[in-house]
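In case you want the letters, here they are:
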Amino acid sequence: MICRLFRIFARNQTRYKHMRTVIQRVSHASVSIGSRCKAAIQEGLLILLGIEEADNEEDIEWLCRKITGLRIFDDENGVMNQSILETGGEILVISQFTLMASYKKGNRPSYIRAAGHATAIPLYESFCRKLGESLGKPVQTGEFGAEMKVDLLNHGPVTICMDTKNKE
């Protein structure tokens, strides 16, 4: 299933400019830089975020609304019927420019579509702030541009790929 979702992204990657996310329901997740734990969460969502130059605040608003409304947490009957707002879960956001990889030619991915720091950092910070406002509490984050180690226990597993120009 995950492979199928990534094939869809690959097929559409040259036609669209989009902010891209990979959303994982987790039992816990953390991010470390060097030997220091930067952030950790318990039950909630780990979000990997890729940003392109063409992305904007409208993309952020749409993603925040969709992410906080996703009914991917179990209700009392064990059915995925609750959002993170209903469960009180936490969110960890990690910037990941490699989500914007182009692998059309050859075997070495190109990251030319990833936004540069001047565009990406303000959008990343705005995304994290607005997602925290929607959630009603701050989200945890990695460090933009740092080499990070992400540890997680995917619950389900539930993994959803979402982008702002292919709103299915």
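Given the structure is predicted, the values throughout are model-derived calculations rather than measurements. (Residues numbered from 1 in each chain as written. Predicted model: local features only at pLDDT ≥ 70, side-chain atom pairs only at ≥ 80, totals over all residues. Heavy atoms only, no water.)

So, on to unusual backbone geometry. Residues G156 and P157 are joined by a peptide bond in cis, for which omega reads 0°. Along the chain, P157 turns up in strand β8 (residues 149-163). (Helix = DSSP H or I, 4+ residues; strand = E, 2+ residues; numbered from the N terminus.)

A few words now on the layout of surface pockets. Here the largest pocket defines a volume of roughly 480 Å³. Taken together, 24 residues form the lining of the largest pocket, with S95, Q96, F97, T98 and G145 sitting closest to its centre. Of all the elements in the fold, those that place two or more residues in the lining of the largest pocket are β3 (44-50), β6 (90-95), α4 (117-135) and β8. Ranked by residues supplied to the lining of the largest pocket, first place goes to β3 with four residues. Split by residue class, the lining of the largest pocket holds 15 nonpolar, eight polar and one charged. (1 Å grid on protein atoms, 1.4 Å probe; cavity = no way out; pocket = protein on both sides within 12 Å on 5 of 7 lines; lining within 4 Å. Points joined across faces, edges and corners; volume = space filled by probe spheres on them. Nonpolar A, V, L, I, M, F, W, Y, C, P; charged D, E, K, R; others polar.)

This part takes up the nonpolar core. Counting residues in each nonpolar core, the largest one holds 28 residues, and the members touching the most others are L45, I47, I91, V93, F127 and L131. Elements represented by at least two residues in this core include exactly β3, α2 (57-69), β6, α4 and β8. Residue contributions to this core peak at seven residues, all from α4. The residues touching I47, leaving out its near neighbours within four places in the chain, are T21, V22, I23, I67, I91, L92, V93, I94, F127 and L131. Core analysis: the second largest hydrophobic core is formed by 16 residues, V31, I41, L46 and L99 among them. (Core = buried A, V, L, I, M, F, W, Y, C linked by side-chain atoms within 4.5 Å. Buried < 20%, exposed > 50% of the residue type's maximum accessible area, 1.4 Å probe, protein only. Contact = heavy atoms within 4.5 Å.)

Locating G142 in the fold gives a position in the loop between β7 (140-141) and β8. For the pair G142 and A40, spaced 102 residues apart in sequence, the C-alpha separation works out to 9.5 Å. Those residues in contact with G142, other than ones at most four positions away along the chain, are V31, K38, L92, V93, I94, Y124 and M148.

What follows deals with the pattern of salt bridges. By the definition in use, this model includes four salt bridges. The shortest N-O distance in the salt bridge between K130 and E61 comes to 3.2 Å. With K130 in helix α4 and E61 in helix α2, this pair connects stretches of sequence that are 69 residues apart. Each of E57, E61 and K130 takes part in a single network of salt bridges with overlapping partners. (Salt bridge = Lys/Arg side-chain N within 4 Å of Asp/Glu carboxyl O.)

Turning next to α4. With 19 residues, α4 extends 26 Å between its outermost C-alpha atoms, agreeing within 8% with the 27 Å of an ideal straight helix rising 1.5 Å per residue. The set of residues buried in α4 consists of A120, L123, Y124, S126, F127, C128, K130, L131, G132 and L135. Positive backbone phi, approximately 90°, marks G136, located one or two places after α4. (Expected span 1.5 Å × (residues − 1).)

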